[in-house]
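Tertiary structure, described
Next come the chains, spelled out residue by residue.
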Amino acid sequence: MTTLPATSLTEIAQQLTGAGRGVLAADESIKTMSARLAAEGVPASATARRDYRELLLTADGLSQWISGIILCDETFGQDLADGRPFPVAARELGVLPGIKVDTGTTPLPGQGGALITEGLDGLGARLAAYADRGAAFAKWRAVFDVDTITPYSAGANGQALARYAALCQQHGIVPIVEPEVLCAGTHGIDASAKASALALSALFAELIDAGVDLSAIVLKPNFVTPGLDAAPASPAEAAAATVAVLREYVPAEVPGIAFLSGGHPTARVCEYLTALAAIDGRPWSVTFSFGRALVSAALRTWANAPTDIVAAQDVLLGNCATAAQAASA
Ligand code: 13P
């Protein structure tokens, strides 16, 4: 087992979330990625998924805006066209490779539809193997809905996230800890704030009880906003509501917070990040760990012009630059 000193993990967490760069989430499962390709008219296959991820990773100058890339197990084990394994190529391109290690969600019995994220069985051995193959960090995503979150589901998911985070640190990997309150729906901003507070309070109680070094994690939360089918909040309103919840529950030792985009349009979610980054007196760095807000337009561009890789890469780079500038506000 490789065990790195905690200071190294803290430095990696700082690298991932500092200096005006963010994390590219390209870790959609085989099922989700296949559905996204098919929706754009690209027949899904292991090769198509690989070609698309290669396009993202090899965009010229990506590391100016992107500190790390989250991959799924399939991509982590694939090679670029030039034969380099993805994690090796990522490091050579100045981007830290990360790996999504949860195995998805299933309903929690007796909890009215609330979900639990699975993947703890055998996780230590998997993390050891990923570390040997170059993983610098990992991701585990818990999923909550404002209508179905319960104190029990917040606690159960918080405990799973804490066990995952402790195992990651034991294996020399920085854990990205993601308690996502879904943005889908018609709810108001207060419902999002309430659910986010419940998820974060349970999570940090469990992280502390599990002995996780809070200086060597990255928190990946949602912005506190109204549901995607409700009237959007102004950037100032979303930023203030988000910071209010984070200040209450996220200890100052946490070096960095990297937000997910949650289905918000790219321009809007970048405005939220700009407004939030401008708030003074935060103890943690803030940046982005967006998936859809960075890649959706690039995927469409590629699907429409599969031989013009550079056109799709330019769209990706434009979104990464906008998000990175938002984080540096
Ligand atoms: P979105 O930014 O598309 O919400 O995805 C981020 C992510 O990694 C969700 O787990």
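About the thresholds
- Residues numbered from 1 in each chain as written.
- Predicted model: local features only at pLDDT ≥ 70, side-chain atom pairs only at ≥ 80, totals over all residues.
- Heavy atoms only, no water.
- UniProt positions renumbered as here; feature names shortened; annotations may be inferred.
- Pairing = 2+ DSSP bridges.
- Helix = DSSP H or I, 4+ residues; strand = E, 2+ residues; numbered from the N terminus.
- Phe/Tyr/Trp six-rings, centres within 6.5 Å; stacked < 30°, edge-to-face > 60°.
- Buried < 20%, exposed > 50% of the residue type's maximum accessible area, 1.4 Å probe, protein only.
- Core = buried A, V, L, I, M, F, W, Y, C linked by side-chain atoms within 4.5 Å.
- Contact = heavy atoms within 4.5 Å.
- Salt bridge = Lys/Arg side-chain N within 4 Å of Asp/Glu carboxyl O.
- Axes fitted to C-alpha atoms, helices over the stretch in contact; angles between N-to-C directions.
- Parallel < 35°, antiparallel > 145°, perpendicular 65-115°, else oblique.
- Left-handed = near helix turned anticlockwise from the far one by under 90°.
- Nonpolar A, V, L, I, M, F, W, Y, C, P; charged D, E, K, R; others polar.
- Right-handed = clockwise from strand over helix to strand, strands pointing away.

Per an unreviewed UniProt entry, the recorded name for the protein chain is fructose-bisphosphate aldolase, and the organism is Nocardia lasii. Per UniProt, the protein chain carries the Sequence similarities (unreviewed entry) text "Belongs to the class I fructose-bisphosphate aldolase family." What the UniProt record of the protein chain gives under Pathway (unreviewed entry) is the line "Carbohydrate degradation; glycolysis; D-glyceraldehyde 3-phosphate and glycerone phosphate from D-glucose: step 4/4."

Some remarks on the sheet that holds strand S6 (residues 137-144)
As summarised here, the arrangement of the eight strands in space is S1-S2-S3-S6-S7-S8-S9-S10, forming an open sheet in which the pairing is parallel. With one partner strand each, in any of the chains shown, strand S1 (22-26) and strand S10 (285-288) form the two edges of the open sheet. For strand S2 (residues 66-71) and strand S3 (residues 96-100), the ladder comprises four bridges, and the chain directions are parallel. Across the sheet, the residue bridging to glycine 68 is leucine 96, located in S3.

Quick look at the packing of aromatic side chains
Considering all chains together, one arrives at six aromatic pairs under this definition. Between phenylalanine 288 and phenylalanine 290 the ring centres are 5.5 Å apart and the planes differ by 40°, which places this aromatic pair in the tilted class. Residue phenylalanine 290 is classed as buried on the basis of its relative accessible area, which comes to 0%. Here the aromatic residues Phe223, Phe259 and Tyr272 are joined through ring pairs into a cluster of three or more.

Some words on the nonpolar core
Membership of the largest hydrophobic core comes to 99 residues, with the highest contact counts inside it found for Tyr164, Phe204, Phe290 and Leu294. Top element by residues in this core is helix H8 (residues 189-209). It accounts for 10 residues. Not counting residues up to four positions away in its chain, the partners in contact with phenylalanine 204 are Leu214, Ile217, Leu219, Tyr249, Val250, Pro251 and Val254. Formed by 15 residues, the second largest nonpolar core is a distinct cluster that contains Val174, Ala216, Val218 and Ala258.

What to know about the pattern of salt bridges
For side chains bearing opposite charge, pairing can occur when the charged atoms are close. Summed over the entire model, instances satisfying the criterion amount to 13 salt bridges. Here glutamate 180 and arginine 141 are joined by a salt bridge, their closest N and O atoms 2.6 Å apart. You can see glutamate 180 sitting in strand S7 (residues 174-181) and its partner arginine 141 sitting in strand S6, a full 39 residues away along the chain. Classification of glutamate 180 by relative accessible area gives buried; the value is 5%.

Concerning the packing of H8 against helix H9 (residues 235-249)
Each pair of packed helices gets described by two things: the angle between the helix axes and the distance between those axes. Where H8 meets H9, the axes come as close as 9 Å, and the angle between the chain directions of the two elements is 25°. For the element pair H8 / H9, the angle class is roughly parallel. Crossing of H8 over H9 shows right-handed handedness. Contact residues: H8 offers Ile189, Ala193, Ser196, Ala197, Leu200, Ser201 and Phe204, while H9 offers Glu237, Ala238, Ala241, Val245, Leu246 and Tyr249. Residue composition of the contact of H8 with H9, grouped by class: 10 nonpolar, two polar and one charged.

A few points about the packing of helix H6 (residues 123-132) against helix H7 (residues 151-170)
Viewed as axis vectors pointing N to C, H6 and H7 meet at an angle of 40°, and their least axial separation amounts to 9 Å. Our classification of the angle between H6 and H7 gives oblique. Relative to H7, H6 is oriented so that their crossing is right-handed. Taking contact as the criterion, the partners of Leu123, Gly124 and Leu127 in H6 are, on H7, Tyr164, Leu167 and Cys168. For the contact of H6 with H7, the residue count by class is five nonpolar, one polar and no charged.

Details of the pairing of strand S9 (residues 256-259)
Here S9 shows a buried face lined by Gly256 and Ala258 and a second buried face lined by Ile257 and Phe259. Alignment of strand S8 (residues 218-219) against S9, held across two bridges, turns out to be parallel. Residue pairing across strands places valine 218 opposite glycine 256, the latter belonging to S9. Handedness of the crossover joining S8 and S9 through H9 is recorded here as right-handed. Looking at chain direction, S9 and S10 are connected through four bridges and run parallel. Note that in S10 the partner of phenylalanine 259 across the bridge is phenylalanine 288.

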